[in-house]
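Structural characterization, general
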Amino acid sequence: MRKLHDNFSKCNRIVSFGCSITFGDELSDIVVPGIDRVDQHKPSNLTYAALIAKHCGKPYLCKASSGAANNQIERVLVDHIRSHGGDGVIIGWTSITRQEFHTKQMGFQSILAGSEYRAGGDRDEIQQAYDTILGLSEYPEMTAAFNRQVFLVQSTLKQMGIPYLMIHTFSHTNYTPAEFTGLDIIDIGKYHSFYDWATTCSYSKGKNGHPLDAAHADYAAKIIKVYG
Amino acid sequence: MSLKDKFAGCERIVSFGCSFTFGDELSDIVRPGPFHDVDHKKPSNLTYAALVANHCEKPYLSKAISGGSNDQIVRLLCNHIRECPRDGIVIGWTSTIRTEYCGYELGHQTFLTGGDYRQAVIDKPEWGIFQKAHTEIMLNTPREHCLDTLTRNIFLVQHTLKQMNIPFVMINAFSDFPYRKNDLVGLDFHSPQSLYEWSESRLYAKGPYGHPLDEAHAKYAAELIRVYDEKTA
(Lines give C-alpha, C1' and ligand atoms only; values in the text may rest on other atoms or scores of the structure.)
Protein backbone atom coordinates (compact mmCIF):
# COMPACT_ATOMS: atom_id res chain seq x y z
CA MET A 1 0.00 0.00 0.00
CA ARG A 2 3.02 2.28 0.25
CA LYS A 3 4.44 2.22 -3.25
CA LEU A 4 1.79 4.28 -5.02
CA HIS A 5 1.83 6.72 -2.13
CA ASP A 6 5.62 7.00 -2.49
CA ASN A 7 5.38 7.50 -6.25
CA PHE A 8 3.38 10.68 -5.75
CA SER A 9 4.94 11.74 -2.44
CA LYS A 10 6.85 14.74 -3.85
CA CYS A 11 3.96 16.12 -5.90
CA ASN A 12 2.08 19.29 -5.06
CA ARG A 13 -1.13 17.87 -6.51
CA ILE A 14 -2.44 14.95 -8.50
CA VAL A 15 -4.08 16.02 -11.75
CA SER A 16 -6.26 13.70 -13.82
CA PHE A 17 -6.84 13.64 -17.59
CA GLY A 18 -9.42 11.55 -19.40
CA CYS A 19 -13.02 11.20 -20.57
CA SER A 20 -16.37 10.93 -18.77
CA ILE A 21 -15.22 7.97 -16.68
CA THR A 22 -12.34 9.97 -15.22
CA PHE A 23 -14.56 13.07 -14.96
CA GLY A 24 -17.08 11.00 -13.01
CA ASP A 25 -20.25 11.07 -15.10
CA GLU A 26 -23.23 9.64 -13.19
CA LEU A 27 -21.43 9.46 -9.85
CA SER A 28 -23.53 10.37 -6.85
CA ASP A 29 -21.74 13.56 -5.78
CA ILE A 30 -22.36 15.39 -9.06
CA VAL A 31 -25.51 13.90 -10.51
CA VAL A 32 -28.42 16.34 -10.55
CA PRO A 33 -31.30 14.73 -8.65
CA GLY A 34 -34.32 13.82 -10.73
CA ILE A 35 -32.84 14.28 -14.17
CA ASP A 36 -29.85 11.87 -14.08
CA ARG A 37 -27.54 14.44 -15.59
CA VAL A 38 -24.34 15.85 -14.24
CA ASP A 39 -23.03 19.35 -13.91
CA GLN A 40 -20.24 19.32 -16.50
CA HIS A 41 -18.43 22.12 -14.71
CA LYS A 42 -18.04 20.12 -11.51
CA PRO A 43 -16.02 16.91 -11.71
CA SER A 44 -16.63 14.15 -9.22
CA ASN A 45 -14.50 13.44 -6.17
CA LEU A 46 -15.59 9.81 -6.15
CA THR A 47 -13.73 8.63 -9.26
CA TYR A 48 -10.88 6.11 -9.14
CA ALA A 49 -8.50 9.04 -9.81
CA ALA A 50 -9.85 11.21 -6.99
CA LEU A 51 -9.73 8.27 -4.60
CA ILE A 52 -6.10 7.51 -5.51
CA ALA A 53 -5.23 11.17 -4.87
CA LYS A 54 -6.98 10.89 -1.53
CA HIS A 55 -5.07 7.70 -0.72
CA CYS A 56 -1.84 9.55 -1.50
CA GLY A 57 -2.87 12.48 0.69
CA LYS A 58 -2.64 14.99 -2.16
CA PRO A 59 -4.92 17.77 -3.41
CA TYR A 60 -6.79 16.68 -6.53
CA LEU A 61 -7.51 18.56 -9.75
CA CYS A 62 -9.58 17.01 -12.52
CA LYS A 63 -8.89 18.06 -16.11
CA ALA A 64 -10.90 15.22 -17.61
CA SER A 65 -13.95 16.09 -19.67
CA SER A 66 -16.94 14.07 -20.80
CA GLY A 67 -16.65 12.87 -24.38
CA ALA A 68 -12.91 13.57 -24.56
CA ALA A 69 -10.79 11.89 -27.23
CA ASN A 70 -7.24 10.65 -26.74
CA ASN A 71 -5.74 13.50 -28.76
CA GLN A 72 -7.69 15.92 -26.55
CA ILE A 73 -6.27 14.21 -23.46
CA GLU A 74 -2.79 14.59 -24.96
CA ARG A 75 -3.40 18.27 -25.81
CA VAL A 76 -4.65 19.19 -22.34
CA LEU A 77 -1.89 17.15 -20.67
CA VAL A 78 0.97 18.61 -22.72
CA ASP A 79 -0.29 22.16 -22.21
CA HIS A 80 -0.57 21.48 -18.47
CA ILE A 81 2.88 19.96 -17.95
CA ARG A 82 4.53 22.70 -20.03
CA SER A 83 3.23 25.32 -17.65
CA HIS A 84 2.84 23.55 -14.28
CA GLY A 85 5.75 21.86 -12.56
CA GLY A 86 5.37 19.70 -9.49
CA ASP A 87 2.09 17.95 -10.29
CA GLY A 88 1.64 14.17 -10.51
CA VAL A 89 -0.53 12.85 -13.31
CA ILE A 90 -3.26 10.22 -13.69
CA ILE A 91 -4.41 9.44 -17.23
CA GLY A 92 -7.48 7.42 -18.17
CA TRP A 93 -7.03 6.76 -21.90
CA THR A 94 -10.29 6.44 -23.79
CA SER A 95 -11.79 5.06 -27.00
CA ILE A 96 -9.58 5.16 -30.10
CA THR A 97 -12.55 5.90 -32.35
CA ARG A 98 -12.92 9.40 -30.94
CA GLN A 99 -10.98 12.28 -32.39
CA GLU A 100 -10.74 15.91 -31.39
CA PHE A 101 -10.92 18.54 -34.12
CA HIS A 102 -10.68 22.30 -33.94
CA THR A 103 -13.32 23.85 -36.15
CA LYS A 104 -13.29 27.45 -37.30
CA GLN A 105 -16.82 28.08 -36.06
CA MET A 106 -17.08 25.94 -32.94
CA GLY A 107 -13.58 25.58 -31.48
CA PHE A 108 -12.50 22.25 -30.01
CA GLN A 109 -14.88 19.38 -30.69
CA SER A 110 -14.41 15.72 -29.83
CA ILE A 111 -16.16 13.58 -32.38
CA LEU A 112 -17.20 9.98 -31.90
CA ALA A 113 -17.42 7.82 -35.00
CA GLY A 114 -20.97 7.43 -36.25
CA SER A 115 -22.37 9.90 -33.73
CA GLU A 116 -25.99 10.81 -34.28
CA TYR A 117 -25.35 14.18 -32.69
CA ARG A 118 -25.74 16.99 -35.14
CA ALA A 119 -24.64 20.38 -33.95
CA GLY A 120 -24.87 22.23 -37.22
CA GLY A 121 -22.26 24.29 -39.05
CA ASP A 122 -18.75 23.11 -39.71
CA ARG A 123 -18.89 20.46 -36.97
CA ASP A 124 -21.30 18.41 -39.06
CA GLU A 125 -19.04 18.66 -42.10
CA ILE A 126 -16.11 17.41 -40.05
CA GLN A 127 -18.26 14.66 -38.49
CA GLN A 128 -19.21 13.47 -41.95
CA ALA A 129 -15.62 13.54 -43.21
CA TYR A 130 -14.36 11.80 -40.08
CA ASP A 131 -16.97 9.03 -40.39
CA THR A 132 -15.89 8.53 -44.00
CA ILE A 133 -12.24 8.28 -43.02
CA LEU A 134 -12.88 5.89 -40.14
CA GLY A 135 -15.03 3.67 -42.33
CA LEU A 136 -12.06 3.17 -44.66
CA SER A 137 -9.32 3.05 -42.02
CA GLU A 138 -7.27 0.10 -40.89
CA TYR A 139 -8.24 -0.66 -37.28
CA PRO A 140 -4.91 -2.21 -36.16
CA GLU A 141 -3.10 0.90 -37.40
CA MET A 142 -5.42 3.09 -35.31
CA THR A 143 -4.45 1.00 -32.31
CA ALA A 144 -0.77 1.21 -33.24
CA ALA A 145 -1.10 5.01 -33.52
CA PHE A 146 -2.66 5.07 -30.05
CA ASN A 147 0.20 3.00 -28.67
CA ARG A 148 2.73 5.39 -30.20
CA GLN A 149 0.88 8.28 -28.57
CA VAL A 150 1.06 6.57 -25.16
CA PHE A 151 4.76 5.77 -25.74
CA LEU A 152 5.55 9.44 -26.44
CA VAL A 153 3.54 10.73 -23.48
CA GLN A 154 5.03 8.15 -21.13
CA SER A 155 8.61 8.90 -22.24
CA THR A 156 8.00 12.63 -21.88
CA LEU A 157 6.62 12.26 -18.36
CA LYS A 158 9.61 10.11 -17.42
CA GLN A 159 12.06 12.58 -18.91
CA MET A 160 10.45 15.46 -17.04
CA GLY A 161 10.45 13.49 -13.78
CA ILE A 162 6.66 13.66 -13.50
CA PRO A 163 5.12 10.74 -11.56
CA TYR A 164 2.21 9.19 -13.43
CA LEU A 165 -0.31 6.43 -13.47
CA MET A 166 -2.13 5.35 -16.63
CA ILE A 167 -5.15 3.12 -17.17
CA HIS A 168 -7.49 2.24 -20.03
CA THR A 169 -11.06 3.26 -19.41
CA PHE A 170 -12.69 1.62 -22.47
CA SER A 171 -12.21 -1.80 -23.98
CA HIS A 172 -11.43 -0.88 -27.57
CA THR A 173 -8.14 0.55 -26.45
CA ASN A 174 -6.98 -2.78 -25.10
CA TYR A 175 -5.63 -4.36 -28.27
CA THR A 176 -1.89 -3.97 -27.92
CA PRO A 177 0.08 -5.49 -30.79
CA ALA A 178 2.83 -7.78 -29.58
CA GLU A 179 5.50 -5.55 -31.06
CA PHE A 180 4.54 -2.65 -28.81
CA THR A 181 5.52 -3.52 -25.29
CA GLY A 182 6.81 -1.45 -22.43
CA LEU A 183 3.78 0.79 -22.03
CA ASP A 184 3.10 1.47 -18.37
CA ILE A 185 -0.65 1.13 -18.54
CA ILE A 186 -1.97 -0.61 -15.49
CA ASP A 187 -3.94 -3.72 -16.32
CA ILE A 188 -6.05 -5.19 -13.55
CA GLY A 189 -5.82 -8.90 -14.27
CA LYS A 190 -7.24 -9.89 -17.65
CA TYR A 191 -9.80 -7.12 -17.88
CA HIS A 192 -7.69 -4.50 -19.67
CA SER A 193 -9.99 -1.57 -18.99
CA PHE A 194 -11.95 -0.12 -16.11
CA TYR A 195 -15.19 -0.50 -18.06
CA ASP A 196 -14.53 -4.17 -18.86
CA TRP A 197 -13.55 -4.90 -15.29
CA ALA A 198 -16.70 -3.25 -13.91
CA THR A 199 -18.88 -5.07 -16.45
CA THR A 200 -17.35 -8.49 -15.78
CA CYS A 201 -17.66 -7.98 -12.05
CA SER A 202 -21.33 -6.97 -12.49
CA TYR A 203 -21.06 -3.55 -10.90
CA SER A 204 -24.12 -1.38 -11.42
CA LYS A 205 -24.00 1.31 -14.09
CA GLY A 206 -25.89 4.50 -14.68
CA LYS A 207 -28.44 5.05 -17.46
CA ASN A 208 -25.68 6.26 -19.75
CA GLY A 209 -23.54 3.21 -19.07
CA HIS A 210 -20.95 4.63 -16.69
CA PRO A 211 -19.81 2.46 -13.75
CA LEU A 212 -21.09 3.97 -10.49
CA ASP A 213 -19.56 4.79 -7.09
CA ALA A 214 -18.89 1.22 -5.88
CA ALA A 215 -17.01 0.31 -9.07
CA HIS A 216 -14.76 3.37 -8.80
CA ALA A 217 -14.03 2.72 -5.13
CA ASP A 218 -13.15 -0.93 -5.66
CA TYR A 219 -11.14 -0.20 -8.82
CA ALA A 220 -9.08 2.41 -6.97
CA ALA A 221 -8.42 -0.13 -4.21
CA LYS A 222 -7.37 -2.72 -6.85
CA ILE A 223 -4.98 -0.27 -8.51
CA ILE A 224 -3.41 0.65 -5.20
CA LYS A 225 -3.00 -3.05 -4.39
CA VAL A 226 -1.62 -4.00 -7.84
CA TYR A 227 0.73 -1.02 -7.89
CA GLY A 228 2.02 -1.80 -4.43
CA MET B 1 30.31 19.46 -27.14
CA SER B 2 30.50 19.78 -30.91
CA LEU B 3 27.94 18.27 -33.26
CA LYS B 4 30.48 15.60 -34.16
CA ASP B 5 31.01 14.77 -30.48
CA LYS B 6 27.28 14.66 -29.94
CA PHE B 7 26.85 11.85 -32.45
CA ALA B 8 30.16 10.13 -31.61
CA GLY B 9 28.56 7.18 -29.79
CA CYS B 10 25.98 6.46 -32.50
CA GLU B 11 26.10 3.55 -34.90
CA ARG B 12 24.48 5.55 -37.70
CA ILE B 13 22.69 8.82 -38.34
CA VAL B 14 19.15 8.30 -39.57
CA SER B 15 17.00 11.04 -41.06
CA PHE B 16 13.23 11.52 -41.08
CA GLY B 17 11.32 14.08 -43.09
CA CYS B 18 9.71 14.97 -46.41
CA SER B 19 11.10 15.55 -49.91
CA PHE B 20 13.59 18.14 -48.63
CA THR B 21 15.23 15.60 -46.35
CA PHE B 22 14.85 12.84 -48.96
CA GLY B 23 16.64 15.07 -51.46
CA ASP B 24 14.17 15.58 -54.31
CA GLU B 25 15.82 17.25 -57.29
CA LEU B 26 19.37 16.90 -55.98
CA SER B 27 21.96 16.02 -58.59
CA ASP B 28 22.89 12.52 -57.38
CA ILE B 29 19.38 11.13 -57.80
CA VAL B 30 17.75 13.28 -60.44
CA ARG B 31 17.12 11.59 -63.78
CA PRO B 32 18.62 13.22 -66.87
CA GLY B 33 16.24 15.55 -68.71
CA PRO B 34 14.27 18.72 -68.10
CA PHE B 35 11.74 17.38 -65.57
CA HIS B 36 13.98 16.69 -62.58
CA ASP B 37 12.23 13.38 -61.84
CA VAL B 38 13.84 11.29 -59.14
CA ASP B 39 13.85 7.63 -58.21
CA HIS B 40 11.86 7.71 -54.99
CA LYS B 41 13.45 4.50 -53.78
CA LYS B 42 16.93 6.04 -53.72
CA PRO B 43 17.41 8.96 -51.32
CA SER B 44 20.09 11.55 -51.97
CA ASN B 45 23.44 11.67 -50.23
CA LEU B 46 23.71 15.40 -50.86
CA THR B 47 21.02 16.58 -48.43
CA TYR B 48 21.79 18.67 -45.35
CA ALA B 49 21.11 15.52 -43.26
CA ALA B 50 23.49 13.34 -45.27
CA LEU B 51 26.15 16.06 -45.09
CA VAL B 52 25.75 16.31 -41.31
CA ALA B 53 26.26 12.53 -41.12
CA ASN B 54 29.28 12.85 -43.39
CA HIS B 55 30.71 15.61 -41.18
CA CYS B 56 30.22 13.36 -38.15
CA GLU B 57 31.84 10.43 -40.00
CA LYS B 58 28.85 8.17 -39.47
CA PRO B 59 27.00 5.87 -41.86
CA TYR B 60 23.81 7.51 -43.10
CA LEU B 61 20.32 6.09 -43.58
CA SER B 62 17.45 8.17 -44.92
CA LYS B 63 13.92 7.30 -43.84
CA ALA B 64 12.51 10.51 -45.27
CA ILE B 65 9.72 10.18 -47.82
CA SER B 66 8.76 12.65 -50.54
CA GLY B 67 5.36 14.11 -49.70
CA GLY B 68 5.70 12.96 -46.10
CA SER B 69 3.70 14.49 -43.28
CA ASN B 70 4.58 15.21 -39.68
CA ASP B 71 2.44 12.37 -38.34
CA GLN B 72 4.21 10.07 -40.78
CA ILE B 73 7.55 11.31 -39.40
CA VAL B 74 6.35 10.53 -35.85
CA ARG B 75 5.17 7.04 -36.88
CA LEU B 76 8.41 6.07 -38.60
CA LEU B 77 10.54 7.65 -35.88
CA CYS B 78 8.74 5.90 -32.99
CA ASN B 79 8.98 2.55 -34.73
CA HIS B 80 12.65 3.10 -35.56
CA ILE B 81 13.95 4.24 -32.17
CA ARG B 82 12.38 1.29 -30.44
CA GLU B 83 14.16 -1.09 -32.82
CA CYS B 84 17.46 0.79 -33.22
CA PRO B 85 18.07 2.90 -30.09
CA ARG B 86 21.78 3.35 -30.90
CA ASP B 87 21.18 5.48 -33.99
CA GLY B 88 21.40 9.27 -33.93
CA ILE B 89 18.52 11.17 -35.48
CA VAL B 90 18.05 14.11 -37.84
CA ILE B 91 14.46 15.34 -38.25
CA GLY B 92 13.25 17.80 -40.88
CA TRP B 93 9.70 18.70 -39.83
CA THR B 94 7.40 19.55 -42.70
CA SER B 95 4.15 21.29 -43.65
CA THR B 96 1.36 21.23 -41.07
CA ILE B 97 -1.45 20.84 -43.61
CA ARG B 98 -0.49 17.29 -44.57
CA THR B 99 -1.94 14.25 -42.83
CA GLU B 100 -1.18 10.57 -43.17
CA TYR B 101 -3.99 8.02 -43.28
CA CYS B 102 -3.92 4.24 -43.28
CA GLY B 103 -6.62 2.78 -45.51
CA TYR B 104 -8.11 -0.65 -45.02
CA GLU B 105 -5.90 -3.02 -47.06
CA LEU B 106 -4.37 0.04 -48.75
CA GLY B 107 -1.45 0.94 -46.53
CA HIS B 108 -0.28 4.42 -45.60
CA GLN B 109 -0.75 7.53 -47.73
CA THR B 110 -0.17 11.19 -46.97
CA PHE B 111 -2.60 13.82 -48.26
CA LEU B 112 -2.06 17.50 -48.79
CA THR B 113 -5.02 19.85 -48.50
CA GLY B 114 -6.47 20.39 -51.95
CA GLY B 115 -4.09 17.90 -53.57
CA ASP B 116 -5.57 15.73 -56.24
CA TYR B 117 -3.31 12.69 -56.25
CA ARG B 118 -4.88 11.72 -59.55
CA GLN B 119 -2.70 8.71 -60.18
CA ALA B 120 -3.33 7.31 -56.70
CA VAL B 121 -7.05 7.82 -57.18
CA ILE B 122 -6.96 5.97 -60.48
CA ASP B 123 -5.09 3.08 -58.89
CA LYS B 124 -7.15 2.98 -55.71
CA PRO B 125 -10.44 4.91 -55.76
CA GLU B 126 -10.65 4.88 -51.94
CA TRP B 127 -7.74 7.31 -51.81
CA GLY B 128 -9.92 9.86 -53.59
CA ILE B 129 -12.43 9.58 -50.73
CA PHE B 130 -9.66 10.10 -48.16
CA GLN B 131 -8.39 13.11 -50.12
CA LYS B 132 -11.85 14.70 -50.21
CA ALA B 133 -12.48 14.06 -46.51
CA HIS B 134 -9.04 15.38 -45.52
CA THR B 135 -9.58 18.55 -47.55
CA GLU B 136 -13.02 19.02 -45.95
CA ILE B 137 -11.53 18.74 -42.46
CA MET B 138 -8.58 21.02 -43.16
CA LEU B 139 -10.72 23.71 -44.79
CA ASN B 140 -12.70 23.89 -41.54
CA THR B 141 -9.63 23.87 -39.29
CA PRO B 142 -7.85 27.06 -38.22
CA ARG B 143 -4.21 27.19 -39.29
CA GLU B 144 -3.24 28.06 -35.72
CA HIS B 145 -4.52 24.69 -34.54
CA CYS B 146 -2.29 22.85 -37.01
CA LEU B 147 0.73 24.74 -35.67
CA ASP B 148 -0.26 24.05 -32.06
CA THR B 149 -0.52 20.35 -32.84
CA LEU B 150 2.93 20.36 -34.42
CA THR B 151 4.37 22.18 -31.40
CA ARG B 152 3.03 19.50 -29.07
CA ASN B 153 4.30 16.70 -31.31
CA ILE B 154 7.78 18.21 -31.36
CA PHE B 155 7.67 18.63 -27.58
CA LEU B 156 6.78 14.95 -27.09
CA VAL B 157 9.31 13.66 -29.62
CA GLN B 158 12.09 15.79 -28.19
CA HIS B 159 11.49 14.57 -24.62
CA THR B 160 11.23 10.97 -25.81
CA LEU B 161 14.58 11.18 -27.60
CA LYS B 162 16.16 12.74 -24.52
CA GLN B 163 14.63 10.09 -22.27
CA MET B 164 16.16 7.38 -24.49
CA ASN B 165 19.52 9.22 -24.64
CA ILE B 166 19.29 9.43 -28.43
CA PRO B 167 21.24 12.37 -29.90
CA PHE B 168 19.20 14.41 -32.35
CA VAL B 169 19.11 17.47 -34.54
CA MET B 170 15.81 19.04 -35.55
CA ILE B 171 15.09 21.58 -38.25
CA ASN B 172 12.06 22.75 -40.16
CA ALA B 173 12.12 21.86 -43.83
CA PHE B 174 9.44 24.38 -44.65
CA SER B 175 6.48 25.95 -42.92
CA ASP B 176 5.46 29.12 -41.14
CA PHE B 177 6.17 27.41 -37.81
CA PRO B 178 9.59 28.97 -37.17
CA TYR B 179 8.01 32.41 -37.10
CA ARG B 180 6.02 31.56 -33.99
CA LYS B 181 9.03 32.27 -31.87
CA ASN B 182 7.23 31.95 -28.53
CA ASP B 183 6.45 28.34 -29.35
CA LEU B 184 10.11 27.58 -29.85
CA VAL B 185 10.84 28.14 -26.16
CA GLY B 186 11.89 24.79 -24.75
CA LEU B 187 12.09 23.16 -28.16
CA ASP B 188 15.54 22.17 -29.39
CA PHE B 189 15.45 23.60 -32.87
CA HIS B 190 18.88 23.74 -34.36
CA SER B 191 18.17 26.27 -37.05
CA PRO B 192 16.23 29.50 -36.60
CA GLN B 193 14.89 29.37 -40.15
CA SER B 194 13.48 26.57 -42.23
CA LEU B 195 15.63 25.16 -45.02
CA TYR B 196 13.23 26.49 -47.63
CA GLU B 197 13.01 30.03 -46.26
CA TRP B 198 16.72 30.19 -45.50
CA SER B 199 17.49 29.10 -49.06
CA GLU B 200 15.01 31.58 -50.57
CA SER B 201 16.36 34.49 -48.56
CA ARG B 202 19.82 33.78 -49.96
CA LEU B 203 18.57 33.28 -53.51
CA TYR B 204 19.94 29.78 -53.93
CA ALA B 205 18.79 27.95 -57.05
CA LYS B 206 15.70 25.77 -56.86
CA GLY B 207 14.54 22.94 -59.08
CA PRO B 208 11.38 23.06 -61.22
CA TYR B 209 9.41 21.55 -58.30
CA GLY B 210 10.66 24.20 -55.89
CA HIS B 211 13.22 22.22 -53.92
CA PRO B 212 16.50 23.91 -52.98
CA LEU B 213 19.36 22.30 -54.91
CA ASP B 214 22.83 20.96 -53.98
CA GLU B 215 24.46 24.26 -53.07
CA ALA B 216 21.67 25.26 -50.68
CA HIS B 217 21.88 21.93 -48.86
CA ALA B 218 25.66 22.16 -48.58
CA LYS B 219 25.59 25.71 -47.22
CA TYR B 220 22.68 24.93 -44.87
CA ALA B 221 24.53 21.90 -43.45
CA ALA B 222 27.66 24.01 -42.93
CA GLU B 223 25.59 26.71 -41.19
CA LEU B 224 23.84 24.13 -39.01
CA ILE B 225 27.20 22.67 -37.92
CA ARG B 226 28.71 26.11 -37.35
CA VAL B 227 25.79 27.41 -35.27
CA TYR B 228 25.61 24.22 -33.22
CA ASP B 229 29.34 24.14 -32.54
CA GLU B 230 29.42 27.84 -31.60
CA LYS B 231 26.46 27.50 -29.25
CA THR B 232 27.91 24.52 -27.45
CA ALA B 233 31.56 25.60 -27.42
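Residues numbered from 1 in each chain as written. Chains lettered and ligands numbered in written order. Predicted model: local features only at pLDDT ≥ 70, side-chain atom pairs only at ≥ 80, totals over all residues.

Remarks on the overall build of chain B
Put simply, the rule is: Think of it this way: any DSSP run of H or I at least four residues long counts as a helix, any run of E at least two long counts as a strand, and we number them from the N terminus. Burial is judged by counting the other C-beta atoms within 10 Å of a residue's own C-beta: 20 or more makes it buried, 12 or fewer makes it exposed, and any count in between marks it as partly exposed, with every C-beta position built from the backbone. Whether two residues are in contact is decided by their C-beta atoms, placed from the backbone, lying within 7 Å.
Secondary structure assignment for chain B yields nine helices and six strands. Residues classed as buried in chain B amount to 45% of the 233 residues present. In chain B, the proportion of contacts linking residues at least 24 apart, taken out of those at least 6 apart, comes to 65%.

Some remarks on the overall build of chain A
Helix and strand content of chain A: eight helices and nine strands. A total of 228 residues make up chain A; the buried ones form 43% of that total. The contacts in chain A between residues at least 6 apart in sequence include a share of 66% that link residues at least 24 apart.

A few points about the environment of Val52(B)
All names here are of chain B. Position of Val52 among the secondary structure elements: in helix H3 (residues 48-55). Judged by the 27 C-beta atoms lying within 10 Å of it, Val52 falls in the buried class. Taking C-alpha positions, Val52 is 8.4 Å from Leu224, a pair spaced 172 residues apart along the chain. Leaving out residues up to four positions away in the same chain, Val52 has contacts with Ile13, Val90, Val169, Ala221, Leu224 and Ile225.

Notes on the environment of Ile154(B)
Take Ile154(B): it is sitting in helix H7 (residues 143-163). Beyond its immediate chain neighbours, meaning those up to four positions away, Ile154(B) contacts Trp93(B) and Leu187(B).

Some remarks on helix H6 (residues 139-159) of chain A
What counts, and what does not: Given the number of residues in a helix, its expected span is that number minus one, multiplied by 1.5 Å.
For H6(A), spanning 21 residues, the distance from its first C-alpha to its last is 30 Å, which sits close to the expected 30 Å at 1.5 Å a residue. Downstream of H6(A) by one or two residues, Gly161(A) has phi in the positive range, about 70°.

A short note on the interface of chain B and chain A
To keep it simple, the criterion reads: Each residue is assigned to one class: nonpolar for Ala, Val, Leu, Ile, Met, Phe, Trp, Tyr, Cys and Pro, charged for Asp, Glu, Lys and Arg, and polar for all the others, Gly among them.
Taken together, the contact pairs 26 residues of chain B with 27 residues of chain A. Of all the secondary-structure elements, those providing two or more residues to the side of chain B that touches chain A are helix H4 (70-83), strand E4 (98-103), helix H6 (125-139) and H7 of chain B. Ranked by residues supplied to the side of chain B that touches chain A, first place goes to H7(B) with nine residues. Residues belonging to the side of chain B that touches chain A are distributed by class as follows: 14 nonpolar, seven polar and five charged.

Quick look at the nonpolar core
What tends to happen in soluble globular proteins is that the nonpolar side chains get buried as a cluster. The line we're drawing: Residues of type Ala, Val, Leu, Ile, Met, Phe, Trp, Tyr and Cys that are buried and joined through C-beta atoms within 7 Å form what is called a nonpolar core.
Ile52(A), Val52(B) and Leu195(B) are the most contacted members of the largest nonpolar core, which has 98 residues in total. Per-element tally for this core: the top contributor is H6(A), with eight residues. In this structure, Leu195(B) is in contact with Phe20(B), Tyr48(B), Gly92(B), Ile171(B), Ala173(B), Phe174(B), Pro212(B) and Tyr220(B), ignoring residues within four places of it in sequence. By size, the runner-up hydrophobic cluster in this structure holds 13 residues, among which are Ile126(A), Trp127(B), Phe130(B) and Met138(B).

Let's talk about the sheet that holds strand E2 (residues 60-62) of chain B
All names here are of chain B. Basically, it comes down to this: DSSP calls a pair of strands paired once it identifies at least 2 bridges connecting them. Angles here are taken between N-to-C directions and fall from 0 to 180 degrees, while the axes themselves are lines fitted to C-alpha atoms, restricted in helices to the stretch in contact.
Reading across the sheet, the four strands line up as E2-E1-E3-E6 and stay open at both edges, with parallel pairing between neighbours. Single-partner strands in this sheet number two, and they are E2 and strand E6 (168-172). Strand-to-strand twist of the sheet, defined as the mean angle between neighbouring strand axes without regard to direction, takes the value 15°. Direction of pairing for strand E1 (residues 13-17) relative to strand E3 (residues 88-93): parallel, over a ladder of five bridges. When the sheet's bridge partners are listed, Gly17 is paired in E3 with Gly92.

Quick look at the packing of H6(A) against H7(B)
Filter applied, for reference: Put simply, a crossing is left-handed when the front helix is turned counterclockwise from the back one by less than a right angle, and right-handed when it is turned clockwise.
Interhelical geometry of H6(A) versus H7(B) gives an angle of 65° and a closest axis separation of 8 Å. Relative to H7(B), H6(A) is oriented so that their crossing is left-handed. Side by side, H6(A) and H7(B) meet where Leu152(A), Val153(A), Ser155(A), Thr156(A), Lys158(A) and Gln159(A) of the first sit next to Leu156(B), Val157(B), His159(B), Thr160(B), Lys162(B) and Gln163(B) of the second.

What about the sheet that holds strand E8 (residues 164-168) of chain A?
All names here are of chain A. The strand order E4-E1-E5-E8-E9 describes an open sheet built from five strands, whose pairing is parallel. Two strands in the sheet have a free side with no partner beyond their single neighbour: strand E4 (60-62) and strand E9 (185-186). Here strand E1 (residues 13-18) pairs with E4 via three bridges, running parallel. Bridged to Val15 within E4 is Leu61.

Side note on the pairing of E6(B)
All names here are of chain B. With five of five residues buried, E6 is to be regarded as a mostly interior element. With five bridges connecting them, E3 and E6 associate as parallel partners. Of the residues in E6, the one forming a bridge with Ile91 is Met170.

Quick word on unusual backbone geometry
We note that Glu57(B) has phi near 60°; this positive angle belongs to a residue other than glycine. Of note, Glu57(B) is situated in the loop between H3 and E2.

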